Amino acid sequence: MIEFKNVIFNYDQHLVFKNFNVKFVSQKINCIIGPSAVGKSTLLNLVAKIINPLKGQIINPDHNISYLFQEERLIDEITVYKNLDLILKSVYLDINKRRQLIEVGLKSVELSDVGSWYPHQLSGSMKRRLALLRAFLYPSQTLLMDEPFSGLDINIKQKITKLFLELWSKDKRTVIFVSHDLDEILNVADYIYVMSQKPTKILTTIPVKIQHKNRKLYHKKIIAIKKQLINLTKKWD
């Protein structure tokens, strides 16, 4: 479990978190929604220890973290294969082990034929799939996702969301997933955390108790949760 205990954090004297408390459930997809500039990405960076709180405690028993950003952040000067091999070198010394992981991984995201390509040769969908695979290849127990599917058209987003759920079902990490898209969240979330305006607190936590494989946006329980979320987001005004 990842837990924030009475966390205080400022940006340039602007208070973001004041005695902020939240618990994220292990091996579940924990989704966060909140107003713009309220601290959603800041929360992820605090979990990753990119930044540190002024006061309070952040408990995360897993020191290895995968981070999936809105941008793919691939290295243009090296091939697809080497982009993946780069993040595995620090974990696996065995070249054959790394090769096997990469080949199996590329096949799982329908990129088997592009290992020798460079990122600029890939389509937008291919780049997102590659970034998603890279996050799962690194052997962490925590996966941070900062609006990773934004900017995609609806068909590509549905395909990559499905792919994400397939990868996660085989490797159930603790996921903290930030998004502003209610339908996207309702498709993937096990738990939804709704943030307030600053100083930020959690207005409510909503469990979504429908298996991903059986989940449809027109399901009456999903519609009820969406209505609840819409009512809660009115408090942002």
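Chains are numbered independently. Their residues run from 1 in the order of the written sequence. Where totals are concerned, whole chains, interfaces and linings use all residues; where local detail is concerned, this predicted model gives features only for residues with pLDDT of at least 70, and gives and counts side-chain atom pairs only at 80 or more. Computation of side-chain values: all heavy atoms of the structure, hydrogens and water removed.

Caption draft 1: Just the sheet that holds strand β6 (residues 142-146), in detail. Strand order in this open sheet of 6 strands is β5-β6-β7-β3-β8-β9, and the pairing throughout is mixed. A strand with exactly one partner marks an edge of an open sheet, and here the two such strands are β5 (65-68) and β9 (202-207). The average undirected angle you get between the axes of adjacent strands in this sheet is 15°. Note on pairing: two strands pair once DSSP finds at least 2 bridges between them. What counts as a helix is a DSSP run of H or I of at least four residues, what counts as a strand is a run of E of at least two, and both are numbered from the N terminus. By the bridge criterion, 4 bridges tie β5 to β6 in an arrangement that is parallel. Considered in β6, the bridge of leucine 68 is made with methionine 145. In this analysis, two residues are considered to be in contact whenever any of their non-hydrogen atoms come within 4.5 Å of each other. Between the N-to-C directions of two axes lies an angle of 0 to 180 degrees, each axis being a line fitted to C-alpha atoms and, for a helix, fitted only over the stretch in contact. Across the sheet, helix α4 (residues 124-137) touches β5 and β6, and the angle it forms with β5 is around 170°.

Caption draft 2: How the structure looks around the nonpolar core. Side-chain atoms within 4.5 Å link the members of a nonpolar core, which is a set of buried Ala, Val, Leu, Ile, Met, Phe, Trp, Tyr and Cys residues. Per-residue accessibility, obtained with a 1.4 Å probe over protein chains only, is compared with the maximum for each type, and a residue is labelled buried under 20%, exposed over 50%, and partly exposed between these values. Membership of the largest hydrophobic core comes to 48 residues, with the highest contact counts inside it found for Ile29, Phe164, Phe177, Ile192 and Leu229. A per-element tally of this core places α4 first, with 8 residues. With near-sequence residues (within four places) excluded, phenylalanine 177 lies in contact with Ile29, Asn30, Cys31, Ile32, Met145, Pro148, Phe149, Phe164, Glu184 and Val188. With 23 residues, the next largest nonpolar core counts Phe24, Leu44, Ile58 and Tyr193 among its residues.

Distances and angles like these do not, on their own, reveal function.
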